[in-house]
Amino acid sequence: TAVPAAPANPASALVKPHVLKALRTAPLDDSVYVATAASNGGKMNGFVAAQSGAIGNGQLAMGHYDAAQIPYYWQLARSYVLADHFFSSTQGGSTSNYEYAVAAQSWPTAAAGGPPARQQTIFDRLTGAGVSWGYFVKNYSADRKAGRLAGLHAQVPLLDLSTVTSNPKQISHIQDLSHLYRQLARGGVPAVSYVVQPGQTEHAPGSVAAGEVATVGLINAIMRSRYS
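Residues numbered from 1 in each chain as written. Predicted model: local features only at pLDDT ≥ 70, side-chain atom pairs only at ≥ 80, totals over all residues. Heavy atoms only, no water.

Draft legend 1. Representation of the pattern of salt bridges in the model. In total, this model carries one salt bridge according to the counting rule given. Residues Arg148 and Asp143 are paired through a salt bridge, measuring 2.9 Å at the closest nitrogen-oxygen approach. Using a relative accessible area of 12% as the deciding quantity, one classes Asp143 as buried. (Salt bridge = Lys/Arg side-chain N within 4 Å of Asp/Glu carboxyl O. Buried < 20%, exposed > 50% of the residue type's maximum accessible area, 1.4 Å probe, protein only.)

As structure tokens, this is what we get:
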């Protein structure tokens with residue numbers, strides 16, 4: 001389905017879906033303003049115009065990758081399922097959607113120098129029900145040792161919660177991704193596991209190939225384990 005470059009102009013040129021040639025692209029704007037303009041009052045035809053106003057290259061919004069660039073993902077799609085009815089929980093950026101992923105809502109950012117927010121998450125409920133869980137983060141041990149955890153708050157919103165950071169038992173559930181690989185090999189994987197791989201994802205301007213390689217490693221480790 002082609003999208004008009006300028007929805008308000010009936011004579012506007014149409015931009016068709018196209019295959020992206022580069023494995024790295026400029027990031028699209030994911031602000032609330034741009035998301036609202038893209039949905040265009042429910043007409044769902046403002047994607048190109050919204051990005052044109054934000055980043056200049058609105059046609060990028062209609063780009064996609066095919067099996068030539070990401071063959072493993074296409075094979076997974078053929079063998080399993082696609083999240084083809086997936087929608088963001090909130091019209092915002094990554095941080096608020098990561099919060100939704102653990103709490104079904106976002107929460108106010110703590111004031112500078114103030115205490116972290118307090119917010120119930122799915123992990124509180126899992127703990128209360130006696131269900132094991134883990135939040136595995138690539139390079140977490142190195143980042144913690146180097147004092148770089150502040151850079152992980154978007155992907156690991158639990159680090160913003162005083163109920164986690166002030167509770168040694170709760171904070172111990174956040175572990176380096178290497179722990180998950182060892183547990184897959186030896187046993188002891190939590191019943192519920194969240195995985196984030198900062199720096200090796202398809203999030204532009206990162207390489208979709210690098211993100212795919214990271215996913216391949218994780219899925220293969222699971223499929224070869226006793227948990228497959």
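After presenting the structure, the write-up continues.
Draft legend 2. Representation of the packing of aromatic side chains. A complete count under the given rule lists four aromatic pairs for this structure. Taken together, a centroid distance of 5.9 Å and an interplanar angle of 70° make the contact between Phe123 and Tyr135 edge-to-face. With a gap of 12 residues between them, Phe123 in helix H5 (residues 122-128) and Tyr135 in strand E5 (residues 133-137) connect regions that are remote in the sequence. One aromatic cluster in this structure is built from Phe123, Trp133, Tyr135 and Tyr194. (Phe/Tyr/Trp six-rings, centres within 6.5 Å; stacked < 30°, edge-to-face > 60°. Helix = DSSP H or I, 4+ residues; strand = E, 2+ residues; numbered from the N terminus.)

Draft legend 3. Region of interest: the packing of helix H3 (residues 71-79) against helix H10 (residues 208-223). With their axes 9 Å apart at the nearest point, H3 and H10 run at an angle of 50° to one another. Classified by the angle their axes make, H3 and H10 are oblique. Residues Pro71, Tyr72, Tyr73 and Leu76 of H3 touch H10, and the partners they reach there are Gly211, Glu212, Thr215, Val216, Ile219 and Asn220. Per-class residue counts for the contact of H3 with H10 are six nonpolar, three polar and one charged. (Axes fitted to C-alpha atoms, helices over the stretch in contact; angles between N-to-C directions. Parallel < 35°, antiparallel > 145°, perpendicular 65-115°, else oblique. Contact = heavy atoms within 4.5 Å. Nonpolar A, V, L, I, M, F, W, Y, C, P; charged D, E, K, R; others polar.)

Draft legend 4. A look at the pairing of E5. Here E5 lies mainly inside the structure; five of its five residues are buried. Where E5 lies against strand E7 (residues 192-196), five bridges are found, and the strand directions are parallel. Directly across from Phe136, in E7, lies its bridge partner Val195. One ladder, built from three bridges, connects E5 with strand E6 (residues 174-176); its direction is parallel. Bridging across to E6, Phe136 finds its partner in Gln175. (Pairing = 2+ DSSP bridges.)

Draft legend 5. Broad picture of the sheet that holds E5. Here three strands make up an open sheet; going across it, the order is E6-E5-E7 and the pairing parallel. This sheet does not close on itself; its edge strands, each paired only once, are E6 and E7. This sheet shows a mean twist of 30° between the axes of neighbouring strands, independent of strand direction.

Draft legend 6. Molecular detail of the packing of helix H1 (residues 32-39) against helix H2 (residues 47-55). Close contact between H1 and H2 brings their axes to 7 Å; oriented N to C, the two are set at 150°. Considering the angle they form, H1 stands roughly antiparallel to H2. Where H1 crosses over H2, the two elements pack in a sense that is right-handed. Residues Val34, Ala37 and Ala38 of H1 lie in contact with H2, whose contacting residues are Phe47, Ala50, Gln51 and Ala54. For the contact of H1 with H2, the per-class residue count stands at six nonpolar, one polar and no charged. (Left-handed = near helix turned anticlockwise from the far one by under 90°.)

Draft legend 7. Local environment of the side chain of Ser12. Residue position: Ser12 is located in the loop between strand E1 (3-4) and strand E2 (14-15). Each residue touching Ser12, except ones within four places of it in the same chain, is listed here: Pro4, Ala5 and Ala6.

Draft legend 8. Spotlight on the nonpolar core. Counting 18 residues, the largest nonpolar core has Phe123, Tyr135, Val137, Val156, Leu158 and Ile174 as its most contacted members. Those elements giving two or more residues to this core turn out to be helix H4 (94-103), H5 and E5. Residue contributions to this core peak at three residues, all from E5. The contact partners of Leu158, leaving out residues within four places of it in the chain, are Thr121, Phe123, Trp133, Tyr135, Val164, Thr165 and Ile174. Membership of the second largest hydrophobic core comes to six residues, among which are Phe136, Leu177, Leu184 and Leu218. (Core = buried A, V, L, I, M, F, W, Y, C linked by side-chain atoms within 4.5 Å.)

Draft legend 9. Focus on H10. The end-to-end C-alpha separation of H10 is 22 Å, in line with the 22 Å expected for 16 residues at 1.5 Å each. All of the buried residues in H10 are Val208, Gly211, Glu212, Ala214 and Leu218. Taken end-on, H10 shows its buried residues confined to a sector of 160°, consistent with a single buried face. Buried-residue contacts for H10 involve H3, helix H9 (177-186) and E7. (Expected span 1.5 Å × (residues − 1). Arc of directions from axis to C-beta.)

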